[in-house]
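As a plain string of letters, each chain reads:
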Amino acid sequence: MQQYKVNNTIFNNIEDATAHVSTLNKAVTISPYTPPSKASIKLNVVRNMLIREMLEWAGSFVHSMSPSTDVNWMYSFEDADGNSDAGDCYYEDCVNVTFGNNLMWEDALHDYQSAVDNFDCLLGDYNSVDSVEGLSDMLNNMYHTMSDHSSETDDYIGCVRDSIKRMCEGNDNIAHSYHHPSRRTTISFSGNVNAMYKAYMLDRNS
């Protein structure tokens, strides 16, 4: 039986859909509607479960990159004789002292802002992922979005690689591999859609 959809309302035949449209005060479209299959419903749930795992991992990573530099390493000084160093040195008796940012603080800020920007890039629409194979691509793309290192420091790369490795070690549904020659991390879907869906529904309905 072909169903039809008007806005968010489903009708079992074109006659009922047409009758409903006639009661509306604005032009709307009647579209053929095919209910999602059980397999697609399960895949949708599992996809969203994995997205939650990745967003929460990425959010935790952002928090971990929040600058924690010692306060006296947040700035540096330079005097009239050209002496310069971090703020943990004696500069009170120097002459014509000027103050500026410390590179350690600037790097920490840069890494944190990179993590924030990368996290923002994760936000969007993943509904086009409609196959089990696509789940692996989705996961890997999400990781590499967070690990984008076009301008970040080496510290950032090491931290994000270590972070995703630890996350995968504690997650049976996301596998981790590292190719040493290319220094490339790959993550992929390693779970079972039926088992994950069942576990989710048990928890959701408990």
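Residues numbered from 1 in each chain as written. Predicted model: local features only at pLDDT ≥ 70, side-chain atom pairs only at ≥ 80, totals over all residues. Heavy atoms only, no water.

Engineer: What's the story with the pattern of salt bridges in this structure? I'm lost.
Structural biologist: Pairing between side chains becomes possible if they bear opposite charge and their charged atoms approach one another. Counted according to the given criterion, the structure contains two salt bridges. In this structure, Arg-52 and Glu-56 form a salt bridge, with 3.3 Å as the shortest nitrogen-oxygen distance. Note that Arg-52 and Glu-56 are positioned in helix α2 (residues 38–64) at a spacing of four residues, about one turn of the helix. Among the salt bridges present, the one from Asp-162 reaches Arg-166, with a minimum N-O distance of 2.9 Å. Of the two residues, Asp-162 and Arg-166 both sit in helix α5 (residues 154–169), four residues apart, roughly one turn of that helix. (Salt bridge = Lys/Arg side-chain N within 4 Å of Asp/Glu carboxyl O. Helix = DSSP H or I, 4+ residues; strand = E, 2+ residues; numbered from the N terminus.)

Engineer: Help me understand the side chain of Arg-47, please; the structure alone is not making it clear to me.
Structural biologist: Positionally, Arg-47 belongs in helix α2. There is no salt bridge for the buried Arg-47, and the closest opposite charge comes from Asp-125, which lies 6.7 Å off by N-O distance. In this structure, Arg-47 is in contact with Tyr-126, Asn-127, Val-129, Leu-135 and Met-138, ignoring residues within four places of it in sequence. (Buried < 20%, exposed > 50% of the residue type's maximum accessible area, 1.4 Å probe, protein only. Lys, Arg positive; Asp, Glu negative; His and termini not counted. Contact = heavy atoms within 4.5 Å.)

Engineer: Looking at this structure, how should I read the layout of surface pockets?
Structural biologist: Sizing a probe to match a water molecule and rolling it over the atoms shows the empty space that remains. In this structure, the largest pocket encloses a volume near 240 Å³. Lining of the largest pocket is provided by 13 residues; of these, Met-65, Thr-69, Ala-108, Asp-111 and Asp-155 occupy positions nearest its centre. Elements that contribute at least two residues to the lining of the largest pocket include exactly α3 (103–122) and α5. At four residues, α3 tops the list of elements feeding residues into the lining of the largest pocket. Considered class by class, the residues forming the lining of the largest pocket number five nonpolar, five polar and three charged. (1 Å grid on protein atoms, 1.4 Å probe; cavity = no way out; pocket = protein on both sides within 12 Å on 5 of 7 lines; lining within 4 Å. Points joined across faces, edges and corners; volume = space filled by probe spheres on them. Nonpolar A, V, L, I, M, F, W, Y, C, P; charged D, E, K, R; others polar.)

Engineer: Teacher, can you tell me more about unusual backbone geometry here?
Structural biologist: Excluding glycine, a negative phi dihedral is what most residues carry, and trans is how most peptide bonds are arranged. Its identity as a non-glycine residue notwithstanding, Asn-96 has a phi of 50 degrees, on the positive side. Along the chain, the position of Asn-96 falls in the loop between β5 (84–86) and β6 (98–101). What makes Asn-96 exposed here is its relative accessible area of 59%. Positive phi, normally seen in glycine, also occurs at Arg-183, with a value near 55 degrees. On the basis of relative accessibility, which here comes to 53%, the residue Arg-183 falls in the exposed class.

Engineer: Just checking my understanding: could you explain the side chain of Ser-147 for this structure?
Structural biologist: Residue placement: Ser-147 occurs in the loop between α4 (132–146) and α5. Taking the relative accessible area as the measure of exposure, Ser-147 reaches 6% and is therefore buried. Dropping the residues within four chain positions of it, Ser-147 is found in contact with Tyr-156, Ile-157 and Val-160.

Distances and angles like these do not, on their own, reveal function.
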